[in-house]
Each structure stands twice: as structure tokens, then as C-alpha cells.
Amino acid sequence: MINLETISGLPLELDEKTFKLKFNPPLAEIIPDIRKFSDMIPVLIDRSAEPKSKVEEMYYMYRDIHLPADEAVIRKNNIRYDITVIPPVMIGKEFNKTVGHYHPIIPGSQKMSYPEIYEVLEGQALFLIQKMDQDFKQLISFYGIVASVGDKVIYPPNYGHIIVNIGKGVLVTGNWTSYGFKSLYEPIKDRHGMAYYVLTDDIKPFVMVKNEHYADHPPVRMLTVADKIRTEFGFESTKPMYTSGINNPKLLEFLNNPTKYAIELSTITS
Ligand SMILES: [Fe+2]
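I will try to describe carefully the structure that is included in this document. Counting restarts for each chain, with residues numbered from 1 along the sequence as it is written. Only residues with pLDDT of 70 or above have their local features reported here, since the model is predicted, and side-chain atom pairs are shown and tallied only from 80 upward, although totals for entire chains, interfaces and linings are computed over all residues. Computation of side-chain values: all heavy atoms of the structure, hydrogens and water removed.

Here the focus is the overall build of the protein chain. The number of helices and strands found in the protein chain is 8 helices and 15 strands. Three exposure classes are used, based on accessible area relative to the maximum for each residue type with a 1.4 Å probe and protein chains only: buried under 20%, partly exposed in between, and exposed over 50%. Counting the 270 residues in the protein chain, one finds 54% classified as buried. Here, two residues are considered to be in contact whenever any of their heavy atoms come within 4.5 Å of each other. Sequence-distant contacts, at least 24 apart, represent 69% of the contacts inside the protein chain between residues at least 6 apart. To measure how exposed things are, a 1.4 Å probe is used in the Shrake-Rupley method; for residues, cover is taken only from the protein chains shown. Accessible surface for the protein chain amounts to roughly 12,300 Å². Of this, 52% is attributable to carbon and sulfur atoms. Taking the 30 positively charged and 33 negatively charged side chains of the protein chain as two groups, their mean positions are separated by 3 Å. A run of H or I in DSSP becomes a helix once it reaches four residues, and a run of E becomes a strand once it reaches two; helices and strands are each numbered from the N terminus. Charge assignment: positive for Lys and Arg, negative for Asp and Glu; neither His nor the chain ends contribute. In this description, the location of a charge corresponds to atom NZ of lysine, CZ of arginine, CG of aspartate or CD of glutamate.

Shown next, in the form of C-alpha cells:
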């Protein structure tokens, strides 16, 4: 079992064999949504490839995790804390990943969609984020961020995103999000994934390969986990994001009201 309590701020463990979370008291058990291999086929570089060891369950999404004592703060602030568990399964040469989505535009927000903030709880992640024009026809920009345990990554408004498990072990991420919006999966599914695929390589830790279902491929910009996330959004690298958010929900105000934080959010990708 991997103990996630110190890093997540919640009494959680992860079973390394089943990749399921164990919820210790006073947490109530949550049944995960499971992403099956058949759900992922449309977004793979090689849609005839099969996962090594023929597993059917590719990753697990646990939504709305919180301590009973924190429920009032969470509901009042219209936020939700989720955990995603992505096992280390290769699909041909491609690393396991989430299928990816965009978020909907927030009514009255000057065409901004909901942002999101992630934290790595275990393993090694490559976050890919990309922006297209309003009609999802032209790719405007594409970023990658390699992140390790404790690193926090913000998806700015209007960026689609996926998480790739580029490590040898399981990848576990936590995220704060606005409560209750519906993600848009079609723009990524229709183009068979993000604008680049992430594959294994004999020399480098990974390589990025263009997805030819996009007409344009602006160069990949690799960003480091920005200090600005800590300084401008107030999160400390040494503290679990869950705990920081509960102790000071104002830190998460940008999730529901990004217009107020438009300048700070625009600096993330600059
Ligand atoms: Fe998202």
C-alpha cells in the first residue's frame, strides 16, 4: 500500500496491485468512475494497439472527496476535490493517459471556460494543454509540463488538457475544480487525441509525435512548474493542495470566477 495521507492531506492509501484507493475514517468510501480501454481507442496514435497485459481498466476517477467536517466549506464555495489514478500501462509505444477534454464557457464570463488546478500525489506526470480557436478548427498553442510529487499545475481557461503517466509506477493526481459543470470530450475525441502523442523512446524519457488530424502544429513549449502558481495563487509547494484550499477557500475563487483573475491566469502560459 502507498500511504497518501501526508502528501494529500486526506487519510488515503493506494493499493499498488489493484490501483484502488482505500478510504480510511472519517472519509466515506467513494466508488470510482472507470475509464475502460474501449473508451480510449479513439484517442490513441495506434488504434489497433492493445494495452500490455491486456488490462481492461485504464484509469480511475474519484470525484468529490472530502472530510465530513469540510463539507460546508466545499458546498458554500461551489468546489470539488477529485483524485485520478493512472496505472503504468503501455498501449503499444504510447504511455497511458486520460482521454482529455475542454471545459464549458462560464455564463457571463467574457467567453472564459472554467480553469482547474492539479497536484501530483504520486509518480511522474506530463500535463499537456492546448488552445484552439472558438470553433475548434485551428490550434493556437500547445504546452507540456513535466511534474513530480507535490508540483501544482493550473489549466488556464479555454485550454484542453490531458495527463500522461510518463513514470515507471502509478500516477496519482488530485485536483480542485468548480462543482458541477460538464466537460466537453468531442473536440479531442473527434481529432483522435491532442495535437501531439507521447511515446516511449530508446534514448529520451519520451518523445512527442504530431497528430496528423490537426492542420497546424505550433511548436511544443515545455514549461516548468511555475513559481508563479505559488506566488500569484498563494499555494505552497510543501502543503497539500486539499488542505490549503480548505483552510483558505479564497485561493480557489479563481475556479468559479476566472474573470477576476484574468491577468494572473494569462501569465501562466506566457
Ligand atoms: Fe478538466
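On to the sheet that holds strand S2 (residues 12–14), then. Strand pairing in a sheet is mediated by backbone hydrogen bonds. Such pairs are either parallel or antiparallel. Paired strands are those between which DSSP finds at least two bridges. The strand order across the open sheet built from 3 strands is S1-S2-S3, with neighbouring strands paired in antiparallel fashion. Each edge of the open sheet carries a strand with a single partner, namely strand S1 (2–3) and strand S3 (21–23). Pairing geometry for S1 and S2, over 2 bridges, is antiparallel. In the sheet register, Asn 3 faces S2, and the bridge partner there is Glu 13.

Strand order in the open sheet formed by 4 strands is S11-S8-S9-S15, with mixed pairing between adjacent strands. Each having just a single partner strand, strand S11 (159–165) and strand S15 (221–223) make up the two edges of the open sheet. Strand-to-strand twist across the sheet, computed as the mean angle between neighbouring axes with direction ignored, equals 25 degrees. Summarising the sheet, strand S8 (residues 125–132) and S11 pair through 7 bridges and their orientation is antiparallel. Within S11, the position partnered with Lys 131 by the bridge is Tyr 159. A fitted line through C-alpha atoms serves as each axis, taken over the contacting stretch for helices, and the angle formed by two N-to-C directions is quoted from 0 to 180°.

Moving on, we get to the coordination of the iron ion. By definition of the ideal shapes, four donors in a tetrahedron about a metal sit 109.5 degrees apart, and six donors in an octahedron sit 90 or 180 degrees apart. Sodium, potassium and calcium take a 3.2 Å donor cutoff, other metals 2.8 Å, and in both cases only N, O and S atoms count; water is not among them, so sites may look incomplete. Summarising the metal site, the iron ion is bound by the protein donors His 101 (NE2), His 103 (NE2), Glu 116 (OE) and His 161 (NE2), whose distances to it range over 2.1 to 2.2 Å. Angle rules define the geometry names used: all angles between 85 and 135 degrees makes four donors tetrahedral, while opposite donors over 155 degrees apart and all other angles between 65 and 115 make four donors square planar and six octahedral, leaving every other case irregular. Here the iron ion is ringed by 4 donor atoms whose angles at the metal span 89 to 171 degrees, and the overall shape comes out irregular. When the donor residues of the iron ion are listed from N- to C-terminus, their spacing reads H-x1-H-x12-E-x44-H. Placement of the pair is Glu 116 in strand S7 (residues 116–122) and His 161 in strand S11, with a sequence separation of 45 residues. Residue Glu 116 shares its accessibility class with His 161, and that shared class is buried.

This next bit is on the side chain of His 103. Checked against the element boundaries, His 103 lands in the loop between strand S6 (79–86) and S7. Look at His 103 and you get buried, because its relative accessible area is 5%. Within the structure, the side chain of His 103 is placed 3.3 Å from the side chain of His 101, a separation counted as a polar contact. N or O atoms closer than or at 3.5 Å make up a polar contact, with two conditions inside protein: a donor-capable atom paired with an acceptor-capable one, and, for residues adjacent in sequence, both atoms drawn from side chains. Of the polar contacts made by the side chain of His 103, one reaches the side chain of Glu 116; its length is 3.1 Å. The contact partners of His 103, leaving out residues within four places of it in the chain, are Ser 113, Tyr 114, Pro 115, Glu 116, His 161, Phe 181, Ser 183 and Leu 184.

Only centres within 6.5 Å qualify two rings of Phe, Tyr or Trp (six-membered ring in Trp) as a pair; their planes then separate them into stacked at under 30 degrees, edge-to-face at over 60, and tilted for everything else. As enumerated under the stated definition, the model contains 12 aromatic pairs in all. Seen in terms of ring centroids, Tyr 118 and Tyr 155 are 5.0 Å apart; in terms of plane orientation they differ by 45 degrees. Their pairing is tilted. In this pair, Tyr 118 sits in strand S7 while Tyr 155 sits in strand S10 (residues 152–155), placing the two residues 37 residues apart along the sequence. Since its relative accessible area comes to 1%, Tyr 155 is described here as buried. Cluster of aromatic residues (ring-pair linked, three or more members): Tyr 81, Trp 176 and Tyr 242. It is Arg 191 that lies over the ring of Tyr 214; its NZ or CZ is 5.1 Å from the centre. In this analysis the charged atom, NZ for Lys or CZ for Arg, is taken to sit over a ring once it is within 6 Å of the ring centre and within 35 degrees of the ring normal.

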